[in-house]
Every structure is written in structure tokens, then in C-alpha cells.
Amino acid sequence: MREFSLFRRFETRTLLAPLFLMSILFPVATMGATQIPNALEKLDASSHLNPKAMPAEIIAQKLKHADTFLVGHHGPVVMAFMDPNCIWCHRFYEAAMPLVKAGKLHLRVALVGFLKPTSAAKAAAILASKHPAQALAFDESHFNVATEEGGIHPDLHAPTSIRKAVSYNTWLLIHTGEEATPTLLYFTKDKQWRLQHGLGAHGLRHIMASIA
């Protein structure tokens, strides 16, 4: 594991068609039988399309063993599932960065890839970089709002371990109960893990008040 006003609408789409395209354009190696299932495999199984949601605390535990990275180093942590092509993740990132730079918040980012055929390869490009937080910053600073495309160049030849990591993060996202980005996970003052799928106008302020 590596160190890691919003809008009502957020990205949520069925994973079947995008992941089918991903499996062609960006094949992911099969994980061992004793490991968590690959998010891109057996998509005809209903359990992969509408799985029973795992408790938030279980998601948090599994994220500790996932390939994530930190953005910022001070303040309370929010775990964020983000797709490099997600415009609502982009807006969340822009809203969160002033807090990150002020040392009031840091993010542990779990990159997923399902919104567009290039999503998984862009997520892999970020994870494979020497400094993932900087690569994510490049993706967001060069984000094309008109086409809803992240700015980083997709890596179609990323190492198998990186491709597995993106697939595993996507599998975890599915098991939060919604295929939606951004999905945020945070630990509240009353010692409870909470999941937030998307954010309303005061969502980030509410989360900050809950974890401060």
C-alpha cells in the first residue's frame, strides 16, 4: 500500500458494457482462485452486477490491503474511489484540494476504471507512475470538462500487478452497493465507518464536520 458547493449528480452507470470493452482493450490477468475475484470476470453473473453491499468497515479493512495512495499528509483521512474520467470526481478533487493544501484533510485514493473504455488504462497509468499523487494531479489539471476525459495518457501495457490493482479496486467499489464515483469512506467522531455515494451541495462540509 502506498501513501495517498459540490454537485448533486455523480457518476453511476452499469458496469456491464464499459467493463466488457475494458476486457477487450485493456485485458486484466486472472487472479488466483484463493484471491478476491477479478472485477472484469464473469460479468454475466448477477452477483457481480448487483452484489450484496459489504459493511463500510469491511470495505475499509480491504482498502488497507489494496493499491492506494495518499494525496496530502495531514488532517483526517477520507478514502475516495475515483475514476480518471469521472467529472464528478474531478469536481470533488477541486473542492477538496484547498483543504488538503491547508493540512485539514488528506485523501487515500483508490482508482477504479469503468466509466469509459480508457478509464482502466488511465487508472493504471496513474498507479504505475513513480509519484501517483502527482500523476493524479496532472490528470485533474488537464481534465477536459466538455468531453469528460481525464488528461493523463492511458497505459495499455501496464504491469500485470497494476492491472490487477485497478480491477480489485473496481471490484471493491461494486461491493459498496453502488457503481458510483466518487464514493467516499470516512471514520466519524462517533467511531463509525460511513460510505457516501456522491455529494450534495454541503456534502464535503458535512463530512469534515463528522470527522473533525
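Note: the structure precedes this text.
Because the structure is a prediction, the values reported are computed rather than measured.

Caption draft 1: Representation of the overall build of the protein chain within the structure. A tally of regular secondary structure across the protein chain gives eight helices and seven strands. Here the protein chain holds 212 residues, and 52% of them are scored as buried. As presented, the protein chain carries roughly 9,900 Å² of accessible surface, and 57% of it is formed by carbon and sulfur atoms.

Caption draft 2: A look at the pairing of strand β7 (residues 193-197). When strand β6 (residues 183-187) meets β7, the two strands line up antiparallel, connected through five bridges. When the sheet's bridge partners are listed, leucine 185 is paired in β7 with leucine 195. Once β6 ends, the chain turns through five residues before running back antiparallel as β7, passing lysine 191 with a positive phi of about 65°.

Caption draft 3: Representation of the sheet that holds strand β4 (residues 106-111). Read across the open sheet, the five strands follow the order β2-β4-β3-β6-β7; overall the sheet is mixed. The open sheet has two edge strands with one neighbour each: β2 (69-71) and β7. Adjacent strand axes in the sheet meet at a mean angle of 25° when their direction is disregarded.

Caption draft 4: Summary view of the pattern of salt bridges. Per the stated rule, a full pass over the model turns up three salt bridges. Between aspartate 190 and arginine 194 there is a salt bridge, with its nearest N and O atoms 3.6 Å apart. The structure contains a network of salt bridges with shared partners spanning Lys116, Lys122 and Glu149.

Caption draft 5: Geometry of unusual backbone geometry. Cis geometry marks the peptide bond from threonine 181 to proline 182; its omega dihedral reads -5°. Assignment of secondary structure puts proline 182 in the loop between β5 (180-181) and β6. Unlike most non-glycine residues, glutamate 148 shows phi in positive territory, near 55°. Mapped onto the elements, glutamate 148 comes out in the loop between α6 (132-141) and α7 (160-174). By relative accessible area, glutamate 148 is classed as buried at 18%. Notably, lysine 191 is not glycine yet its phi reads approximately 65°, a positive angle. Structurally, lysine 191 can be placed in the loop between β6 and β7.

Caption draft 6: Molecular detail of the pairing of β4. Extensive coverage of β4 is indicated by the burial of six of its six residues. Burial along β4 is two-sided: His106, Arg108 and Ala110 and Leu107, Val109 and Leu111, pointing in opposite directions, are all buried. Pairing of β2 with β4, which is carried by three bridges, proceeds in the antiparallel orientation. Counterpart to phenylalanine 69 in the pairing with β4 is valine 109.

Caption draft 7: Spotlight on the nonpolar core. Counting 56 residues, the largest nonpolar core has Leu63, Leu107 and Leu111 as its most contacted members. By residue number, the principal contributor to this core is helix α4 (residues 87-101), which donates eight residues.

Caption draft 8: Region of interest: α7. Under the 1.5 Å per step criterion, the end-to-end length of α7 is 21 Å for 15 residues, consistent within 8% with the ideal 21 Å. Within α7, twelve of the 15 residues are buried, leaving the element largely enclosed by the surrounding structure. Within α7, burial applies to Ile162, Arg163, Ala165, Val166, Ser167, Tyr168, Asn169, Thr170, Trp171, Leu172, Leu173 and Ile174.

Caption draft 9: Focus on the packing of aromatic side chains. One pass over the full model with this rule turns up two aromatic pairs. Centroid distance tyrosine 168 to tryptophan 171: 6.0 Å. Interplanar angle 15°. Geometry classified as stacked. Within this pair, tyrosine 168 and its partner tryptophan 171 are both found in helix α7, separated by three residues, close to a single helical turn. You can call tryptophan 171 buried: its relative accessible area is 6%. Their ring planes at 50° and their centres at 5.0 Å tell us that phenylalanine 187 and tryptophan 193 sit as a pair that is tilted. Residue class for phenylalanine 187 comes out partly exposed when judged on its relative accessible area of 34%. Residue classification places tryptophan 193 among the partly exposed positions, given a relative accessible area of 24%. Between the NZ or CZ atom of arginine 91 and the centre of the ring of tryptophan 88, over which it lies, the distance is 4.6 Å.

Calculation criteria
Along every chain, residues carry numbers that run from 1 in the direction the sequence is written. The model is predicted, so local features are restricted to residues of pLDDT at least 70 and side-chain atom pairs to those at 80 or more, both for listing and for counting; the totals for chains, interfaces and linings are taken over all residues. Note that water and hydrogens are dropped before the side-chain values are worked out from all heavy atoms of the structure. To qualify as a helix, a DSSP run of H or I must reach at least 4 residues; to qualify as a strand, a run of E must reach at least 2; elements of each kind are numbered from the N terminus. The buried label goes to any residue with under 20% of its type's maximum accessible area, the exposed label to any with over 50%, and the partly exposed label to all in between, with areas taken from a 1.4 Å probe on protein chains only. Computed with the Shrake-Rupley method and a 1.4 Å probe, the accessible areas treat only the protein chains shown as cover for residues. Only when DSSP finds a minimum of two bridges between them are two strands counted as paired. As a rule, the C-alpha atoms of each element are fitted with a line to give its axis, helices using only the stretch in contact, and angles between N-to-C directions run from 0 to 180 degrees. Salt bridge, as applied in this entry: a Lys or Arg side-chain nitrogen positioned within 4 Å of an Asp or Glu carboxyl oxygen. We call a set of buried residues a nonpolar core when its members are Ala, Val, Leu, Ile, Met, Phe, Trp, Tyr or Cys and they connect through side-chain atoms within 4.5 Å of each other. In this scheme, a helix's expected span is set at 1.5 Å multiplied by one less than its residue total. Note on aromatic pairs: the rings of Phe, Tyr and Trp (six-membered ring only in Trp) are paired at centre separations within 6.5 Å, and the planes decide the class, stacked below 30 degrees, edge-to-face beyond 60, tilted for the rest. Should the NZ of a Lys or the CZ of an Arg lie within 6 Å of a ring centre and within 35 degrees of the ring normal, that charge is described as sitting over the ring.

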